Amino acid sequence: MVAVTASFAPATATITMPMKKRSGGTVCFAELSFPSFLPKQVENIKDSFARKLATRIDRLPVPVSFADNSIMSSCVRPLIQSKTSPVVLLHGFDSSCLEWRYTYPLLEEAGFETWAVDILGWGFSDLERLPPCNVASKREHFYQVEKLVLIDASVYAEGTGNLATLPRIAAYAGVYLLKSIPLRLYVNVLTFTGISFGTSLDWTNVGRLHCLYPWWEDATVDFMISGGYNVSAQIQQIKKKTLIIWGEEDQIIINKLAVRLHCELPNATIRQIPDCGHLPHVERPNSVAKLIVDFVHEDCFKEAECVSQY
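Residues numbered from 1 in each chain as written. Predicted model: local features only at pLDDT ≥ 70, side-chain atom pairs only at ≥ 80, totals over all residues. Heavy atoms only, no water.

1. Topic: the pattern of salt bridges
Opposite charge on two side chains lets them pair, provided their charged atoms get close.
Here's step 1: Across all of its chains, the model carries eight salt bridges by this definition.
Here's step 2: A salt bridge links Arg101 to Asp47; the nearest nitrogen and oxygen atoms lie 3.1 Å apart. Of this pair, Arg101 sits in the loop between strand 4 (87-90) and helix 2 (103-109) while Asp47 sits in the loop between strand 1 (2-6) and helix 1 (48-54), placing them 54 residues apart in sequence.
Here's step 3: When its relative accessible area of 1% is taken as the criterion, Arg101 is described as buried.
Here's step 4: Between Lys179 and Glu217 there is a salt bridge, and its shortest N-O distance comes to 3.2 Å. (Salt bridge = Lys/Arg side-chain N within 4 Å of Asp/Glu carboxyl O. Helix = DSSP H or I, 4+ residues; strand = E, 2+ residues; numbered from the N terminus. Buried < 20%, exposed > 50% of the residue type's maximum accessible area, 1.4 Å probe, protein only.)

2. Some thoughts on helix 4 (residues 168-178)
Side chains of residues three or four places apart in an α-helix project in the same direction, reflecting 3.6 residues per turn.
Here's step 1: Where helix 4 is concerned, the buried positions are Ala171, Val175 and Leu178. Axial view of helix 4: buried residues confined to an arc of 50°, hence all on one face. Turned more than 90 degrees away from the buried face of helix 4 sit Ile169, Tyr176 and Leu177, all of them exposed.
Here's step 2: In this fold, the buried residues of helix 4 make contact with helix 5 (181-191) and helix 7 (216-225). (Arc of directions from axis to C-beta. Contact = heavy atoms within 4.5 Å.)

3. Regarding the packing of aromatic side chains
Given two aromatic rings, their pairing is described by the distance between the two centres and the angle made by the two planes.
Here's step 1: Counted according to the given criterion, the structure contains eight aromatic pairs.
Here's step 2: Note on Phe124 and Tyr213: the rings are 6.2 Å apart at their centroids and 70° apart in plane angle, and the pair reads as edge-to-face. With Phe124 in the loop between strand 5 (114-117) and helix 3 (135-139) and Tyr213 in the loop between helix 6 (197-207) and helix 7, this pair connects stretches of sequence that are 89 residues apart.
Here's step 3: Against the face of Trp122 rests Lys138, its NZ or CZ located 3.6 Å from the ring centre.
Here's step 4: Of note, Lys138 hangs over the ring of Phe223, and the distance from its end group to the ring centre comes to 5.0 Å. (Phe/Tyr/Trp six-rings, centres within 6.5 Å; stacked < 30°, edge-to-face > 60°. Lys NZ or Arg CZ within 6 Å of the ring centre and 35° of its normal.)

4. Brief notes about helix 5
Here's step 1: Inspection of helix 5 places Arg184, Leu185, Val187, Asn188 and Thr191 among the buried residues, and these make up the whole buried set. Along the long axis of helix 5, the arc covered by the buried residues comes to 155°, so they all point the same way. Relative to its buried face, helix 5 has exposed residues pointing more than 90 degrees away, namely Pro182 and Val189.
Here's step 2: Looking at the buried residues of helix 5, the elements they touch are helix 4, helix 6, helix 7 and helix 9 (280-283).

5. A closer look at unusual backbone geometry
Here's step 1: Located in the positive-phi region is Asp94, a residue other than glycine, with phi close to 50°.
Here's step 2: Of note, Asp94 is situated in the loop between strand 4 and helix 2.
Here's step 3: A relative accessible area of 2% places Asp94 in the buried class.

6. Regarding the sheet that holds strand 8 (residues 268-273)
Here's step 1: If you walk across this open sheet you meet the eight strands as 2-3-5-4-1-6-7-8, and the pairing is mixed. One side of each edge strand has no neighbouring strand; the edge strands of this open sheet are strand 2 (57-62) and strand 8. Strand after strand, the sheet turns through a mean of 25° between neighbouring axes, direction not considered.
Here's step 2: Strand direction decides the pairing type here: strand 1 and strand 6 (residues 147-151), joined by five bridges, are parallel. In the sheet register, Val4 faces strand 6, and the bridge partner there is Val149.
Here's step 3: Helix 8 (residues 256-264) contacts strand 6, strand 7 (241-247) and strand 8 of the sheet and is inclined by roughly 165° relative to strand 8. (Pairing = 2+ DSSP bridges. Axes fitted to C-alpha atoms, helices over the stretch in contact; angles between N-to-C directions.)

7. Comments concerning the pairing of strand 6
Here's step 1: The buried count for strand 6 comes to five of five residues, which makes it a mostly enclosed element.
Here's step 2: Of the two faces of strand 6, the one lined by Lys147, Val149 and Ile151 and the one lined by Leu148 and Leu150 are each fully buried.
Here's step 3: Pairing of strand 6 with strand 7, which is carried by five bridges, proceeds in the parallel orientation. Residue Val149 lies in a different strand from strand 7, and its bridge partner there is Leu243.

8. Description of the packing of helix 4 against helix 7
Here's step 1: Running from N to C, helix 4 and helix 7 point in directions that differ by 115°, and their axes come no closer than 9 Å. Helix 4 and helix 7 meet at a crossing whose hand is right-handed. Of helix 7, the residues touching helix 4 (which contributes Arg168, Ala171, Tyr172, Val175, Tyr176 and Leu178) are Trp216, Glu217, Asp218, Thr220, Val221, Met224 and Ile225.
Here's step 2: Split into classes, the residues belonging to the contact of helix 4 with helix 7 amount to nine nonpolar, one polar and three charged. (Left-handed = near helix turned anticlockwise from the far one by under 90°. Nonpolar A, V, L, I, M, F, W, Y, C, P; charged D, E, K, R; others polar.)

Read these as geometric descriptors, not functional statements.
And the structure:
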C-alpha cells in the first residue's frame, strides 16, 4: 500500500466538468444522488468535482479495539481493483476525503486502485456513538505501508500545545471558532491567490461540510485535549521510501521545513511545485498525480531495467 497524506484542508482548483442545460439556456448541474448520511448542505456545493466525488462516499465497518462495535468509516472506494498495491489518500487536519476531488480521478485514470479514507473524528464516518478520537485512536485506522508520500506535511508541529490544557468550556469555544465561515475564508486567503469571493465561499462550504455533524465538536475537542500529533522526534525512524511534495509558495507551513524534512528522512526524495501554495493536490492536481504515478512506478521501472540487462 502506498499512503499519501496531506496537511490541512479547505479545497478546489480550475478543472471543469460537463453540465446539463435546461431550456432557456440556464446552466445547471447534472443530477447527482448523494448518500443520505451526508449533511443536507452538500446540495448547496457548486464545485462539480466535489459534488461528483461526494456521490461515491460510502461507509464501511472497521473493527477497532477501543469500541464495542465496528465504526462505520467513510471513504471513497475504488472503481477498479489492481494486483499491485493500492494507493490510499489521507486528508489533512480537520478535513475530509473531498480534499482529493481533483487528484483522485487522475490516479484512477492512471490505473491505480485508489482509496480516499477519512481519518477518525473528521470526514463523514458515523460517530453518533462517539468513540475516543485521540491520537492513539486515529492511529489504529492506519496500516503498514510500502511507500509514503507527504504533501506539505505539518510534521514539526508540537501537537496542540497549550490548547491541550484548556478547560473544556474554553476548548469548545475554540472549536466553534474553528468551524466558523470567517475563519475558514481567512484560511483560503492564505492558501490560494486570485480567487473570487464566491469561489472562496464555495470552497469553504466544501471544507467545513463534515463540521456540520452533531458529534464533530466533541470529536475535535477530544483530539485537542489529547495533545494532538507530535512526531518530530520519530522522523528518522521512518525507513520506507518517501516522496515529499511541497508548494513553493506555501504560506501556512514554510518551504524551508520541506528541505529540513528531506534532510532528516533517511530515504526521501523532494519535489517542489512552483507557483503553488499549501494544497498542491488542489491547486496543481495534474502535477501531483504525475509525481505520485512516477513514484509508485519507480521500482517497477528499475526491475524492468535489471531484467533487460540480463
